[in-house]
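What the coordinates show
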Protein chains: 4
Amino acid sequence: MANSKYEYVKNFELPDPLLPGTFLLFRLDGHSFHRFSAEHNFEKPNDVRALQLMDHAARDVMEEYPDIVLAFGESDEYSFLLKKSTSLYNRRQSKIVSTLTSYFTSCYVFRWATYFPDKPLEYPPSFDGRIVVYPGEREIRDYFAWRQADTHINNLYNTTFWALVQQGGQTTTEAHATLRGTYSKDKHEILFSRFKINYNQLDPRFRKGTILVREEEPEPTPAIEQVASAIENTATPSSECEQPATSPDSAKSKKQKKRAVKAKPRTRVVVIHTDIIRDEFWSARPNILVE
Amino acid sequence: MANSKYEYVKNFELPDPLLPGTFLLFRLDGHSFHRFSAEHNFEKPNDVRALQLMDHAARDVMEEYPDIVLAFGESDEYSFLLKKSTSLYNRRQSKIVSTLTSYFTSCYVFRWATYFPDKPLEYPPSFDGRIVVYPGEREIRDYFAWRQADTHINNLYNTTFWALVQQGGQTTTEAHATLRGTYSKDKHEILFSRFKINYNQLDPRFRKGTILVREEEPEPTPAIEQVASAIENTATPSSECEQPATSPDSAKSKKQKKRAVKAKPRTRVVVIHTDIIRDEFWSARPNILVE
Amino acid sequence: MANSKYEYVKNFELPDPLLPGTFLLFRLDGHSFHRFSAEHNFEKPNDVRALQLMDHAARDVMEEYPDIVLAFGESDEYSFLLKKSTSLYNRRQSKIVSTLTSYFTSCYVFRWATYFPDKPLEYPPSFDGRIVVYPGEREIRDYFAWRQADTHINNLYNTTFWALVQQGGQTTTEAHATLRGTYSKDKHEILFSRFKINYNQLDPRFRKGTILVREEEPEPTPAIEQVASAIENTATPSSECEQPATSPDSAKSKKQKKRAVKAKPRTRVVVIHTDIIRDEFWSARPNILVE
Amino acid sequence: MANSKYEYVKNFELPDPLLPGTFLLFRLDGHSFHRFSAEHNFEKPNDVRALQLMDHAARDVMEEYPDIVLAFGESDEYSFLLKKSTSLYNRRQSKIVSTLTSYFTSCYVFRWATYFPDKPLEYPPSFDGRIVVYPGEREIRDYFAWRQADTHINNLYNTTFWALVQQGGQTTTEAHATLRGTYSKDKHEILFSRFKINYNQLDPRFRKGTILVREEEPEPTPAIEQVASAIENTATPSSECEQPATSPDSAKSKKQKKRAVKAKPRTRVVVIHTDIIRDEFWSARPNILVE
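Our subject in this report is the structure included herewith. In this text the structure is predicted, and so the values were computed from the model without any measurement.

With that settled, consider the sheet that holds strand β6 (residues 267-272) of chain A. Strand order in the open sheet formed by 6 strands is β4-β1-β3-β2-β5-β6 (chain A), with antiparallel pairing between adjacent strands. Taken across any chain shown, the strands that pair with only one partner, and hence form the sheet edges, are β4 (126-134) and β6 of chain A. Across this sheet, the average inter-strand angle for adjacent strands is 20°, counted without regard to direction. Relative to strand β3 (residues 77-82) of chain A, strand β2 (residues 68-74) of chain A runs antiparallel, the two sharing 6 bridges. Looking at the pairing, Glu 74 of chain A lines up with Glu 77 of chain A of β3 of chain A. Docked against the sheet, helix α4 (residues 137-167) of chain A engages β1 (23-31), β2, β3, β4 and β5 (210-216) of chain A, running at close to 20° with respect to β2 of chain A. The strands touched by helix α3 (residues 93-110) of chain B are β1 and β4 of chain A; relative to β4 of chain A, the strand with the most contacts, the crossing angle is about 140°.

As structure tokens, this is what we get:
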């Protein structure tokens, strides 16, 4: 049963390298998450456990792939920036897009019980991924501005909508009607005057989304502590705890841990919820765009 | 915070449609599964639970995506054939490759505990995927012949190798040396004369890999039973039970089940371990290649 | 002035192989030929010299590239079929599309004076080209049927339109108005009743377009005569002479001629104007689609 | 003969847009020009008429396509830089590459007799083209540096080689042997000591290649003169006349001329032979890289 006469079928695998010298932006979206969030009773307008689970899976991805220098998440989507010079999988498109999507998905399912201990997964969720190639720094900044502006717009709408429904007693149809044609300031006004909600004091996680960056370690510490301490405790109104119940590193083999310590002893992935549109974020972290 | 000035970044998403009128072959491989199988103590040369888990995840994929007409699995890889006329996700490459890889991965992790109840996942496994476009029926037949011939060659080698090690007391280095330069018939001879193993009577799952096909239902039955009965009980030497511990449909929502019954009431996914190289398989199932 | 430090820029040249095992259809269109035909006073509705020049350039291309098995031309466009197994330029898309377009263009300008001896080129004409990949024989037959049906529709319209203008004394605006909403049979009727033109007896070149095929030579003859005799003298109403004024081979070097005789001694490119939609054409030439 | 049932074949034409926001580098090479130059007795090591013809065709291309901001030619190749923001043909790859290659070829054949009045074209020459996408300014500078360094290396070798043959009486085999293992300074020394040739005083066209740039017009002048005056008379040892025998604009229609005057009244294409590797060239022309 010689195999050589069939091997010509390999010739149909065509090369798919992505252009060198460009930023690779990998974006991932929940597949049918409208239904998924309904089946799993996600809280409205934001379910903090679901968001934390997304963030944890994203952090796993970023720790596994050192060429990712920045990530941004909101709702059921996440964007990852691979540095310009990355040669991950020789920049083969299908390989990168499938592997990163697979690993994120795997982490999401793997860590589900940590964030939803009393709510078993009803069925396997999935995500789709894509890579967008950006030639310059301007486009990268505008990409992330686009996602964060989108976060703001969606969250302000959803927050007001669900306040009208949950606290205001409106039906969803009525709430949509109430909001039709309103501007930002109108929604702020509705929230404040009717429900005593100061939008700007809500959890920045909801208003800004989640940003993951690498930070240099001040001093060499054992790997296991590095990652644990990487979880930033931002003083948010909801005083959420970003530390996952299990050590984020528990999924790593010993060999991997040792390698991590040796290869990149001084950086850790940090979770923040801040403005990514203005210059401050970028001028404080010049290494993201310029290697 | 208007979003419109940033939206130009969407223009960098380039279209990636796959050629119409061609077979789409989606192949998926375990990522670093050498290490994964070692960390999870998979049995050598074949771990039947691990293979059944692969098969289950593959069946999930095939049930979710009706345009898949055939699948073949061996070891930590699976190949899925999408029919020529499929318009799944408008044949967008990244969308298909990422979604199918994600869903398979999700099912694999989701069902892990069913097959390894006493062995928790150490860390999240991942897979990579790719799509190969094939223009004709000949190439499709040769593709699957290529994979099954590969299964045979690898399994005969591994079976003999591990017999030498586990039963013959050789070190792995010695076993490799013993097998260097041997032909198929030599390995058959070693197995039979030294270990009383008749290779051709080993579980066909190991020798042939797993084939998933759709079969017409003889009569309309409730969806839940359809799928349950879809598990073929082939009389194999190991008399393995292919029925997973949990109902294979348990992951589906009620809505999905209802839709499934209505949309495709008469087919079920069937698991077989048979020869896919000779004509018999294909002439018995003309609908796989010709719609 | 070492060059090595700049050579990295070569890495930005990405591979662009076309799928193996598929028909490659190369189509070429005149660029701004509306203006070009006006500036060079092409006769309406058809300029036989301009069409013959197109045909000659196409024949040059077909003689230069033996993997082209069929060509079809109408107006200022030409389609060339490369056989399924072609490995021309390793199937690199840009290489094929640019070289074939360039060579056609070069032949067109080079041979201009032969067909327009009293009308010098006013400026350099250009063409654009593209390659379409077709997986099967059905699509190839339908592609050529599509082009010939298009030829028919356009030519019937144009013939009637210009009869109304040139012989009927209508303005172009009036002629368009006369034809608005008419069917084929109406146009036939206008031509016959008003202008005594039996459309079906017009030069088949205009009604059917031009087809180029390869035919086996009955006996070995010197190359120079082979090509000369390849020009089919179809008995058309216009009794056009398809033989170009200069020998079609005069552009070939001696070395090329010698090679041509040796490499493919028994085929010649033949010009015909016949139906390509029905089965007859294809069943008489099975080698076009099946190698 | 309805066409609608065949039109589905159009769906096989896949989109091929090039990444936005990147420089498009279009390079063109003579196809089998070794043979072409031999058949047409091009002078060795450089045929100034052949080079001028290349330059003229390139200038035609640059005048026809205003988005080309820079061109560089040597021997039988030419490189054209399309500005980052170009939306020429919606950045469709095949359309750009085929049309530019076609137009260059057409101009080359069209203008042949101007430069070779006593030497008719033996057969139609052709060129191949490709587009390389570059994300940044650094790569563009290095690309052109790469081509000019290549020009230098080739020309120094060829000049010395042909001096040894033509003036030194060596066979070509002997000349290659003489040059084996030599460095630049050795070749300079051979040229000077044996043949009294000061390499650095040879025509910069040969040593530097040809650069085409756009320059602003100091004052509005009629289009016909603009272009004529665009030909730079560099004081070169060979005192070549760069002005073509026919007005370079003669190929343009009246309508085109009028449009040219209106749309881009203040730039003209200028031919220079200077260093493109050092900063001076680029700092004097900041608009090439930054719009």
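Attention now moves to the packing of aromatic side chains. Inspection of every chain in the model, using the stated rule, returns 112 aromatic pairs over all chains. Taken together, a centroid distance of 5.7 Å and an interplanar angle of 90° make the contact between Phe 36 of chain A and Tyr 123 of chain A edge-to-face. Placement of the pair is Phe 36 of chain A in helix α1 (residues 33-39) and Tyr 123 of chain A in the loop between α3 (93-115) and β4, with a sequence separation of 87 residues. Relative to Phe 161 of chain D, the ring of Tyr 157 of chain D has its centre 6.3 Å away and its plane inclined at 15°; by these criteria the two rings are stacked. Taken as a pair, Tyr 157 of chain D and Phe 161 of chain D lie in helix α5 (residues 137-166) at a separation of 4 residues, close to a single helical turn. Take Tyr 157 of chain D: its relative accessible area is 26%, and that puts it in the partly exposed class. A relative accessible area of 6% means that Phe 161 of chain D is categorised as buried. Among the aromatic side chains, those forming a connected cluster through ring pairs are Phe 26, Phe 33, Phe 36, Phe 42, Tyr 78, Phe 80, Phe 104, Tyr 108, Trp 112, Phe 116, Tyr 123 and Phe 127 of chain A. Sitting over the face of the ring of Trp 146 of chain B, Arg 147 of chain B holds its NZ or CZ atom 4.3 Å from the ring centroid. In this structure, Arg 35 of chain D is placed above the aromatic ring of Tyr 123 of chain D, and the distance from its NZ or CZ to the ring centre is 3.9 Å.

Each side of the interface is counted separately: chain A has 8 residues, and chain C has 8 residues. In this assembly, chain A packs against chain C so that about 710 Å² is buried in total across both faces, 86% of it on carbon and sulfur atoms. Sorting the residues of chain A by area buried against chain C places Phe 12, Leu 14 and Pro 20 of chain A first, and these three jointly supply 55% of that buried surface. Taken together, chain A and chain C are joined by 0 salt bridges. At the boundary of chain A and chain C, one finds 0 residue pairs in polar contact (both at pLDDT 80 or more). Considered class by class, the residues forming the side of chain A that touches chain C number 6 nonpolar, 2 polar and no charged.

Let us look at unusual backbone geometry. Residue Pro 45 of chain B is reached from Lys 44 of chain B by a cis peptide bond, and omega for that bond is 0°. Assignment of secondary structure puts Pro 45 of chain B in the loop between α1 (33-39) and α2 (48-64). Look at Lys 196 of chain A: it is not a glycine, yet its phi comes out positive at around 55°. Counting through the fold element by element, Lys 196 of chain A comes out in the loop between α6 (184-195) and α7 (204-208).

How each quantity is defined
- Every chain begins its residue count from 1, and numbering advances along the sequence as written.
- Chains carry letters from A onward and ligands carry numbers from 1 onward, assigned in written order.
- Reporting in this predicted model follows two pLDDT cut-offs: at least 70 for local features of residues, and 80 or more for side-chain atom pairs to be given and counted; totals over whole chains, interfaces and linings ignore these cut-offs and use all residues.
- Calculation of side-chain values draws on the structure's entire complement of heavy atoms; hydrogens and water are dropped beforehand.
- In this scheme, strands are said to pair when DSSP sees at least two bridges between them.
- Strands are runs of DSSP state E lasting at least 2 residues, helices are runs of H or I lasting at least 4, and numbering of each runs from the N terminus.
- Structural elements are reduced to axes, namely lines fitted to C-alpha atoms, with helices fitted over the stretch in contact, and the angle between N-to-C directions of any two is expressed from 0 to 180 degrees.
- Here a residue-residue contact requires only that any non-hydrogen atoms of the pair lie within 4.5 Å.
- Pairing of aromatic rings covers Phe, Tyr and Trp, the last counted by its six-membered ring, and requires centre-to-centre distances within 6.5 Å; plane angles under 30 degrees mean stacked, over 60 mean edge-to-face, and any other angle means tilted.
- Residue burial is assigned from relative accessible area. The probe radius is 1.4 Å, only protein chains are included, and a residue is buried under 20% of its type maximum, exposed over 50%, and partly exposed in between.
- For a Lys NZ or an Arg CZ to count as sitting over a ring, it must be within 6 Å of the ring centre and within 35 degrees of the ring normal.
- In this description, buried area is defined as the sum, over both parts, of the accessible area (probe of 1.4 Å) that is lost when the two are combined.
- We count a salt bridge whenever a side-chain nitrogen from Lys or Arg sits within 4 Å of a carboxyl oxygen from Asp or Glu.
- For the purposes of these results, a polar contact is taken to be a pair of N or O atoms within 3.5 Å, where, inside protein, one atom must be able to donate a hydrogen and its partner to accept one; residues adjacent in sequence count only when each atom of the pair is a side-chain atom.
- For this classification, Asp, Glu, Lys and Arg are treated as charged, while Ala, Val, Leu, Ile, Met, Phe, Trp, Tyr, Cys and Pro are nonpolar and the rest, including Gly, are polar.

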